[in-house]
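Tertiary structure, described
Spelled out, the chains give:
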Amino acid sequence: MIKGTVFITGATSGFGQACARQMAKQGCSLVICGRREDRLMTLADELRGSVAVHAVVLDVRDAQAVQQAVADLPLEFQAIQVLVNNAGLALAPEPAPQVSLTDWHTMIDTNVTGLVNVTHALLPCLIQFGSGASIINIASSASQTPYPGSHVYGATKAFVTQFSYNLRCDLQGTGVRVTDLSPGMALTEFSLVRTHGNADAADAVYANTVPLSADDVAEQIVYIANLPAHMNINRLEIVPVRQAWGPYNIHRD
Ligand code: NDP
Ligand code: 8X3
């Protein structure tokens, strides 16, 4: 049962937005973050009809801004029970030699450094909450399944998976749970971002198949956060029925 506040990064779109809406239905008070202020405020206005919402325009890559945002949390939002480390992105689905170093850095800065920034800033709150608290890190099926064009993206998500496991070791005895939630293909703005705004290329990713929806993933987040306090899911990988592994790719002369 969620009695405290749910802190969601990347709430302006996709999983984070769906999660905010579903957590609001559970009656949870929310801290929602993202860089796009207009979207964030629209969501906050929508949800304030039912629950308390604190909206923070935040770039997770900025460690100082993250620390300040946590320091500035109004008293009523300080009992953080659930951290949903969701903000993240893939860039450039092209093969590695064609990808700019800037895109690689942006993925590392967001998916690795940003997630670490938020986790570090909120650990004291989560430990203070203790039994029943959860860190839910959104990794990806790409953290364990290599594929062409995943290069740094999949590697950042492998970091998220291993960081989740390692955190569990260090949080033993605190009651704080850690889960790596790893979705496969899901229809959000993810592919639009990945293709640098190429709508046709993004639509092609989801054409003639049935991806997960943002709500499918948000439901898993709500489920994990609501588990009895003595239970921890270490890793939960969810994929569409239509997504399965391929064989090794053989290069032939
Ligand atoms: P979306 O693009 O729809 O949402 C991404 C969210 O991350 C946005 O709210 C965006 O907000 C936020 N974000 C990105 N960069 C930053 C930043 N520097 N600081 C703060 N917020 C940021 O994609 P998804 O909902 O699909 O992605 C959510 C997570 O799920 C990501 O970590 C992604 O890697 C992962 N994932 C996605 C899958 C998919 O197929 N869709 C599958 C597996 C995992 P804003 O731009 O306003 O800052
Ligand atoms: C996103 C899922 O399959 O595009 O993490 O890597 S996939």
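Figured I'd write up the structure that's included with this text. Just so you know, the residues in each chain are numbered from 1, in the order the chain's sequence is written. Following the order in which they are written, the chains are lettered starting with A and the ligands numbered starting with 1. Side-chain atom pairs in this predicted model are given and counted only at pLDDT of 80 or more, local residue features only at pLDDT of at least 70, and totals for whole chains, interfaces and linings cover all residues. Side-chain measures were taken over the full set of non-hydrogen atoms in the model, leaving aside hydrogen atoms and water.

Focus on the site of ligand 1
Being near a molecule or strand, for a residue, means having at least one of its heavy atoms within 4 Å of it. Inspection of the region around ligand 1 gives 30 residues, with T12, S13, R35, Y153 and T188 positioned closest. Polar contacts, as used here, are pairs of N or O atoms within 3.5 Å; protein pairs need one atom able to donate a hydrogen and one able to accept it. Residues neighboring in sequence count only if both atoms are side-chain atoms. The contact in question runs from an oxygen atom of ligand 1 to an N or O atom on the backbone of F15, over 2.9 Å. Contact between ligand 1 and R36: an oxygen atom at 2.9 Å from a side-chain N or O atom of the residue. In these tables, accessible area is a Shrake-Rupley quantity obtained with a 1.4 Å probe, and a residue counts as shielded only by the protein chains included in the view. For ligand 1, whose unbound accessible area comes to 880 Å², protein coverage reaches 96%. Helical segments are the DSSP runs of H or I of at least four residues, strand segments are the runs of E of at least two, and each set is numbered from the N terminus. Listed by contribution, the elements that provide at least two residues to the shell around ligand 1 are α1 (14-25), α5 (151-170) and α6 (190-194). By the convention adopted, Pro, Cys, Tyr, Trp, Phe, Met, Ile, Leu, Val and Ala count as nonpolar, Lys, Arg, Asp and Glu as charged, and the other residues, Gly among them, as polar. Classifying every residue of the shell around ligand 1 by side-chain character gives 13 nonpolar, 11 polar and six charged.

A word on the packing of helix α3 (residues 63-71) against helix α4 (residues 101-129)
Fitting a line to C-alpha atoms yields each axis, with helices limited to the stretch in contact; the angle taken between N-to-C directions then spans 0 to 180 degrees. Packing of α3 against α4 leaves a shortest axis separation of 9 Å and a crossing angle of 25 degrees. Taken together, the axes of α3 and α4 lie roughly parallel to each other. The handedness of the crossing between α3 and α4 comes out as right-handed. Every residue of α4 that contacts α3 at A63, V66, Q67 and V70 is listed here: N117, V118, A121, L122 and C125. Its residues placed into classes, the contact of α3 with α4 shows seven nonpolar, two polar and no charged. Throughout, the term roughly parallel applies to angles under 35 degrees, roughly antiparallel to angles over 145, roughly perpendicular to angles from 65 to 115, and oblique to all others. Less than a right angle of anticlockwise turn of the near helix away from the far helix marks a crossing as left-handed, whereas a clockwise turn marks it as right-handed. Residues count as neighbours in contact if any of their non-hydrogen atoms are within 4.5 Å of one another.

Remarks on the sheet that holds strand β9 (residues 235-238)
Pairing is parallel across the open sheet formed by seven strands, whose spatial order is β3-β2-β1-β4-β5-β6-β9. One side of each edge strand has no neighbouring strand; the edge strands of this open sheet are β3 (53-57) and β9. Here the average twist between neighbouring strands, direction ignored, is 15 degrees. Looking at chain direction, strand β6 (residues 177-183) and β9 are connected through four bridges and run parallel. Its bridge partner lying in β9, D180 is registered against R235. Sitting on the sheet, α5 is in contact with β5 (134-138), β6 and β9, with an inclination near 160 degrees to β6. Sheet contacts for helix α8 (residues 214-225): β4 (80-85), β5, β6 and β9; angle to β6, the most-contacted strand, approximately 165 degrees. Paired strands, as defined in this entry, are two strands with at least two bridges between them according to DSSP.

Some points on the side chain of T188
Note on placement: T188 falls in the loop between β7 (186-187) and α6. A polar contact is formed between the side chain of T188 and the backbone nitrogen of F190, at a distance of 3.0 Å. With near-sequence residues (within four places) excluded, T188 lies in contact with G14, F15, Y206 and A214.

A word on the packing of aromatic side chains
Pairs were defined over the aromatic rings of Phe, Tyr and Trp, the Trp ring being its six-membered one, requiring ring centres within 6.5 Å. Orientation was assigned from the angle between planes: stacked under 30 degrees, edge-to-face over 60, tilted for the rest. This model, assessed by the stated rule, comprises two aromatic pairs. Summarising the aromatic geometry, the rings of F159 and F163 are spaced 5.5 Å apart at their centres and angled 20 degrees between planes, so their arrangement reads as stacked. Of this pair, F159 and F163 both sit in helix α5, separated by four residues, roughly a single helical turn.

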